[in-house]
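Remarks on the overall topology
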Amino acid sequence: MSRTTELPRLASPDSIAELSELMARAHAESRTVTVFGGGTAFDDHPPATTPGLLIDMTGLAEAADRSVADATVRAGAGAKISALNDLAGRTGQEILADLPDGRIAAGSSLGGMIATAATGPRHLHRPRLAETLVSVTTVGADGTIARTAGGLCLSLTGRGLPQLVAGSWGTRAIIVEAEIRLSARPAAQEFVWIPGAAAAPELLAARQRPAAVVIGRPPGSPAATVVLVEGDEELVETEISRILDRVPGATRCRRPGWWGRRTQAPVTIGLSVTPDFVPTLLETMTRLEDAIGYPLQLQGSAAGLFELGVGAPETEPGIATRVVLEHLRSFGLHRICARLLHAPASVWESVDAWGPLPGRRGLQELKDLLDPRGLLAPGRGLGGI
């Protein structure tokens, strides 16, 4: 792009150099910038204000075949996770981190998964995506291309760039390329359905802990536990038989249609709880549902990461969301952390979306250091940073 050409409102760069030039010019003109890949998390976190420059990252999607043999894959940030898993599958591998099936099916990109710190139900035995990053390349708010944190800002020399940008929601730097680790694809996967949630603690504490222990509570219905066991066929069959013998009501089941997918509700609240609080959480859902008259849907890992859906489709559950957030936070941060993930703009504006956020000042200082003009995705980070 010629520097004499007017900077567009929407751009789709096909090289890191072109993106760097776009950012340098946006910085010079003090334009706010928002990037997107698959767009599967575009409606999460506070709604983005109309940016001065919207950047489509799908032009940076090239993946390197050569690294797959080394149990890693390098790809542009716009590469679809589904395409990377297909590439890894040629050698019997898959992405090491577990990622949400719903977003993969919807076309989520590598950069988007890293920026949003996405995780799936199989996290019990698998590292988070940020922990599987071998390397990452970014473009800073001023157009600086960096492969280390020090390359973005000298005062950050020695810090890990992957950890700096993972979970930043595009507010610190733009992820343009990454190399991630792969693992062998399991030979077998089997699911078990168990009524209630009483068996979950024992399953989590088992010497042969399953790949996933997920609790689901549909609106107005009792909770159930779904267990995934994966590995070589003999090991899986042995473990499945053990669960069926020891856990009352346990039966084999197919992979649930909601597995790794978001609750279907207009509002989604992210919950992080201590495992021993899960029974109290389930009891609280029933009481709240009766009190506010809105359906509540809960699902997530028995280890303590849940998503709570509030309200039926085509409703405006602002008051219900406020009541739910305030009640859950009354148990204290030592038991539960509740943050709004997805909601209509009217709900974001009427509730305390984040609640207590330890370390917020440090997050703001980091943002100010890397993006002093506040041009990168303003308001999209944790705490509305």
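First, a word on scope: everything that follows refers to the structure included in this document. (Residues numbered from 1 in each chain as written. Predicted model: local features only at pLDDT ≥ 70, side-chain atom pairs only at ≥ 80, totals over all residues. Heavy atoms only, no water.)

Quick look at the overall build of the chain now. Across its full length, the chain carries 12 helices and 17 strands. A compact globule built from 385 residues should have a C-alpha radius of gyration of about 21 Å, and the chain, at 22 Å, falls within 12% of that. Viewed in the frame of its principal axes, the chain has a C-alpha envelope of about 70 × 50 × 35 Å. Each of the 385 residues in the chain was classed as buried or not, and the buried ones make up 54%. The long-range fraction of contacts in the chain, counting pairs at least 24 apart against all pairs at least 6 apart in sequence, stands at 69%. Within the structure as shown, the chain displays about 17,000 Å² of accessible surface, and the carbon and sulfur contribution to it stands at 52%. One finds the centroid of the 37 positive side-chain charges in the chain at a distance of 3 Å from the centroid of its 41 negative side-chain charges. (Helix = DSSP H or I, 4+ residues; strand = E, 2+ residues; numbered from the N terminus. Rg over C-alpha atoms; globule rule 2.2 N^0.38 Å. Buried < 20%, exposed > 50% of the residue type's maximum accessible area, 1.4 Å probe, protein only. Contact = heavy atoms within 4.5 Å. Areas by Shrake-Rupley, 256 points an atom, 1.4 Å probe, with all protein chains shown as cover. Lys, Arg positive; Asp, Glu negative; His and termini not counted. Charge placed at Lys NZ, Arg CZ, Asp CG, Glu CD.)

Quick look at unusual backbone geometry now. We note that Ser30 has phi near 55°; this positive angle belongs to a residue other than glycine. Take Ser30: it is sitting in the loop between helix 1 (16–28) and strand 2 (33–36). Although it is not a glycine, Trp169 sits at a positive phi angle of roughly 55°. Summarising the element assignment, Trp169 is placed in the loop between helix 6 (161–165) and strand 9 (174–184).

Another aspect to go through is the packing of aromatic side chains. Tallied over the entire structure, the rule returns 5 aromatic pairs. Both rings, one in Phe36 and one in Phe42, keep their centres 6.0 Å apart while their planes meet at 70°; by these two values the pair is edge-to-face. In this structure Phe42 comes out as partly exposed when scored by relative accessible area, which is 33%. Centroid distance Phe277 to Phe331: 5.0 Å. Interplanar angle 70°. Geometry classified as edge-to-face. Of this pair, Phe277 sits in the loop between strand 14 (267–273) and helix 9 (278–292) while Phe331 sits in the loop between helix 10 (318–329) and strand 17 (336–342), and the two are 54 residues apart along the sequence. Take Phe277: its relative accessible area is 2%, and that puts it in the buried class. By the ring-pair criterion, three or more aromatic residues cluster together here, those being Phe191, Trp258 and Trp259. Over the ring of Phe42 we find Arg380; its NZ or CZ atom is 5.8 Å from the centre of that ring. (Phe/Tyr/Trp six-rings, centres within 6.5 Å; stacked < 30°, edge-to-face > 60°. Lys NZ or Arg CZ within 6 Å of the ring centre and 35° of its normal.)

With that out of the way, let us pick up the pairing of strand 5 (residues 72–76). By the criterion of burial, strand 5 is predominantly enclosed, with 4 of the 5 residues buried. In terms of strand pairing, strand 4 (residues 63–64) meets strand 5 through 2 bridges, oriented antiparallel. Paired with Ala63 across the strands is Ala75, a residue of strand 5. Where strand 5 meets strand 9, 5 bridges bridge the pair, whose relative direction is antiparallel. Note that in strand 9 the partner of Gly76 across the bridge is Glu177. (Pairing = 2+ DSSP bridges.)

The next subject is empty space enclosed by the protein. Over the atoms, a rolling probe the size of a water molecule traces out where space has been left empty. This structure, assessed with the given rule, holds 4 cavities of 30 Å³ or more. Roughly 340 Å³ of internal volume is contained in the largest cavity. Around the largest cavity sit 26 residues that line it, and Val35, Phe36, Gly37, Gly112 and Ala115 are the ones nearest its centre. Residue assignment for the lining of the largest cavity shows that the elements contributing at least two residues are strand 2, helix 4 (110–115) and strand 9. Forming the walls of the second largest cavity are Gly167, Ser168, Thr171, Arg172, Leu363, Lys367, Gly381, Leu382 and Ile385. (1 Å grid on protein atoms, 1.4 Å probe; cavity = no way out; pocket = protein on both sides within 12 Å on 5 of 7 lines; lining within 4 Å. Points joined across faces, edges and corners; volume = space filled by probe spheres on them.)

Inspection of helix 12 (residues 360–370) places Leu366, Lys367 and Leu370 among the buried residues, and these make up the whole buried set. Relative to the axis of helix 12, the buried residues are bounded by an arc of 100° and lie together on one face. Residues of helix 12 that are buried make contact with helix 5 (149–152) and helix 6. (Arc of directions from axis to C-beta.)

The next thing to look at is the layout of surface pockets. Roughly 320 Å³ of internal volume is contained in the second largest pocket. If you trace the second largest pocket, you find 17 residues lining it, with Asn85, Glu94, Asp98, Asp101 and Arg122 closest to the centre. Of all elements in the fold, only helix 2 (81–89), strand 6 (93–95) and helix 3 (101–105) reach the threshold of two or more residues within the lining of the second largest pocket. Of the residues contributing to the lining of the second largest pocket, the split by class is 9 nonpolar, 2 polar and 6 charged. (Nonpolar A, V, L, I, M, F, W, Y, C, P; charged D, E, K, R; others polar.)

Note on placement: Ala83 falls in helix 2. Put simply, Ala83 and Val278 are 195 residues apart on the chain and 36 Å apart in space, counted from C-alpha to C-alpha.

Now for helix 9. Here helix 9 is 15 residues long and its end C-alpha atoms lie 21 Å apart, about the 21 Å a rise of 1.5 Å per residue gives. Regarding helix 9, the residues found buried are Val278, Leu281, Leu282, Thr284, Met285, Leu288 and Glu289. Angularly, the buried residues of helix 9 cover 160° about the axis, an arc narrow enough to put them on a single face. The exposed set on the far side of helix 9, more than 90 degrees from its buried face, consists of Asp290 and Ala291. Positive backbone phi, at 75°, marks Gly293, one or two positions downstream of helix 9. (Expected span 1.5 Å × (residues − 1).)

Scanning the entire structure with this criterion turns up 20 salt bridges. We note a salt bridge from Glu230 to Arg122, for which the minimum N-O separation is 2.9 Å. Here the residue Glu230 occupies a position in strand 12 (residues 224–231), and Arg122 occupies one in the loop between helix 4 and strand 7 (133–139), the gap between them amounting to 108 residues. Exposure class is identical for Glu230 and Arg122. Each is buried. Linking Glu237 and Arg252 is a salt bridge whose minimum nitrogen-to-oxygen distance equals 2.6 Å. Of this pair, Glu237 sits in helix 8 (residues 233–246) while Arg252 sits in strand 13 (residues 251–253), and the two are 15 residues apart along the sequence. The partly exposed category is assigned to Arg252, whose relative accessible area is 40%. Ionic contacts of the salt-bridge type, sharing partners, join the residues Glu94, Asp98, Arg122, Arg126 and Glu230 into one network. (Salt bridge = Lys/Arg side-chain N within 4 Å of Asp/Glu carboxyl O.)

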